[in-house]
Amino acid sequence: MTKVRPSWTLRAFAALSTVALSAALLAVAGPSQAAGSAAKNQGSPLSAGTATYSAQATTARGPLVATAKVGALDITCTLTPSKPFVYYGGPYGGGEEGIATVRCTQPVYAIQVEVALFRYSSQVTYNTHTSYSTTTASADTEYPRMSGEYRTGADAYITWTYGGPTSFIPLTFSEIAYL
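Values in this document were obtained by computation on a predicted structure and should not be read as measured data.

Rules behind the numbers
Residues numbered from 1 in each chain as written. Predicted model: local features only at pLDDT ≥ 70, side-chain atom pairs only at ≥ 80, totals over all residues. Heavy atoms only, no water. Helix = DSSP H or I, 4+ residues; strand = E, 2+ residues; numbered from the N terminus. Buried < 20%, exposed > 50% of the residue type's maximum accessible area, 1.4 Å probe, protein only. Contact = heavy atoms within 4.5 Å. Core = buried A, V, L, I, M, F, W, Y, C linked by side-chain atoms within 4.5 Å. Pairing = 2+ DSSP bridges. Phe/Tyr/Trp six-rings, centres within 6.5 Å; stacked < 30°, edge-to-face > 60°. Patch = residues over 30% accessible without salt bridge, like charges linked within 9 Å, V, L, I, M, F, W, Y side chains within 5 Å. Areas by Shrake-Rupley, 256 points an atom, 1.4 Å probe, with all protein chains shown as cover. Salt bridge = Lys/Arg side-chain N within 4 Å of Asp/Glu carboxyl O. Disulfide = S-S within 2.5 Å.

**Focus on the overall build of the protein chain**
Turning to step 1, where the next piece is worked out: Across its full length, the protein chain holds two helices and nine strands.
Turning to step 2, where the next piece is worked out: Helices and strands in the protein chain line up, N terminus first, as β-α-α-β-β-β-β-β-β-β-β.
Turning to step 3, where the next piece is worked out: Here the protein chain holds 179 residues, and the buried ones make up 46% of them.
Turning to step 4, where the next piece is worked out: Residue pairs in contact within the protein chain that sit at least 24 positions apart in sequence constitute 66% of those at least 6 positions apart.

**Here we look at the nonpolar core**
Generally speaking, nonpolar side chains in soluble globular proteins are found buried as a group.
Turning to step 1, where the next piece is worked out: Within the largest apolar cluster, 20 residues are counted, with the highest numbers of intra-cluster contacts made by Cys-77, Val-102, Val-108, Ile-111, Ile-158 and Trp-160.
Turning to step 2, where the next piece is worked out: For this core, the elements supplying multiple residues, two or more each, are β2 (64-70), β3 (73-81), β5 (94-119), β6 (122-144) and β7 (149-159).
Turning to step 3, where the next piece is worked out: Top contributing element to this core by residue count: β5, with seven residues.
Turning to step 4, where the next piece is worked out: Once residues lying within four places of it in the same chain are set aside, the contact partners of Ile-158 are Cys-77, Val-102, Val-108, Ala-110, Ile-111, Pro-165, Thr-166, Ser-167 and Ile-169.

**Some thoughts on the pairing of β6**
Turning to step 1, where the next piece is worked out: When β5 meets β6, the two strands line up antiparallel, connected through 20 bridges. Residue Ile-111 lies in a different strand from β6, and its bridge partner there is Ser-131.
Turning to step 2, where the next piece is worked out: Where β5 folds back onto β6 in an antiparallel hairpin, the turn is made up of two residues, including Tyr-120, whose phi is positive at roughly 45°.

**Quick look at the packing of aromatic side chains**
Turning to step 1, where the next piece is worked out: For the structure on display, the rule yields five aromatic pairs.
Turning to step 2, where the next piece is worked out: With centroids separated by 5.7 Å and ring planes inclined at 70°, the aromatic side chains of Tyr-109 and Tyr-132 adopt a geometry described as edge-to-face. Here Tyr-109, found in strand β5, pairs with Tyr-132, found in strand β6; they are 23 residues apart in sequence, far enough to count as distant.
Turning to step 3, where the next piece is worked out: The class of Tyr-109 is partly exposed, set by a relative accessible area of 31%.

**A word on the pairing of β7**
Turning to step 1, where the next piece is worked out: Within β7, eleven of the eleven residues are buried, which leaves it mostly tucked inside the rest of the structure.
Turning to step 2, where the next piece is worked out: Side chains of β7 alternate between two faces, with Glu-149, Arg-151, Gly-153, Asp-155, Tyr-157 and Thr-159 and Tyr-150, Thr-152, Ala-154, Ala-156 and Ile-158 buried alike.
Turning to step 3, where the next piece is worked out: Inspection of the sheet shows β5 paired to β7 by ten bridges, in the antiparallel sense. The residue bridging Ala-116 from the neighbouring strand is Gly-153, located in β7.
Turning to step 4, where the next piece is worked out: Two elements, β7 and strand β9 (residues 177-178), share two bridges in a ladder whose sense is antiparallel. Directly across from Tyr-150, in β9, lies its bridge partner Ala-177.
Turning to step 5, where the next piece is worked out: Note that β7 and strand β8 (residues 166-173) share six bridges and pair antiparallel.

**Observations concerning a nonpolar patch on the surface**
Turning to step 1, where the next piece is worked out: On the surface, Tyr-109, Tyr-132 and Tyr-162 cluster together to form a nonpolar patch covering roughly 410 Å² of accessible area.
Turning to step 2, where the next piece is worked out: Owing to a relative accessible area of 52%, Tyr-132 belongs among the exposed residues under this scheme.

**Some details on the state of the cysteines**
Turning to step 1, where the next piece is worked out: Per the stated rule, a full pass over the model turns up one disulfide.
Turning to step 2, where the next piece is worked out: Each disulfide pairs two cysteine sulfurs, and for Cys-77 the partner residue is Cys-104, the sulfurs being separated by 2.0 Å. Since a negative S-S torsion denotes a left-handed disulfide, the Cys-77-Cys-104 link at about 110° is right-handed. Placement of Cys-77 in strand β3 and of Cys-104 in strand β5 is noted, with a sequence separation of 27 residues between them. Comparing Cys-77 with Cys-104, the two get one shared label, buried.

The quantities given are spatial measurements derived from coordinates; they are silent on function.
Below, the structure written as structure tokens:
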């Protein structure tokens, strides 16, 4: 059995608003391994295209976790989006960057992390990365230097065992950064 729950104290409120926010923001199903999650109205991935978020619905932020019992092991995976920051160099000669990381307590078959930068509530960039047979996976995304309000948004898919079930960790946001 798998479940997704926020790791902070207002769990019930945060879980409801995060799932509602994820479903409202993301309209199109993404990778084939996500098809089961999207079909169950658990939200769609950031790769669905341009998305925006509501200023009222951003109170559900911070790490979210997925847990599963795999054999005798209880495995917990935590998704954490970083606060956006300014970087120097790279493909744009500098700009804004957001990173999202998933950490699991035991190795899992696959972790797919999707990350996007939002500038004034609108998605401006997106990236995804999948790691196999691992406890940790990260993805980063970059945007050319442009002053403004930024927030990193991320979601993740955890495939617990080869050929086994996949859990979706819904969209969660970092703190706002004024860069």
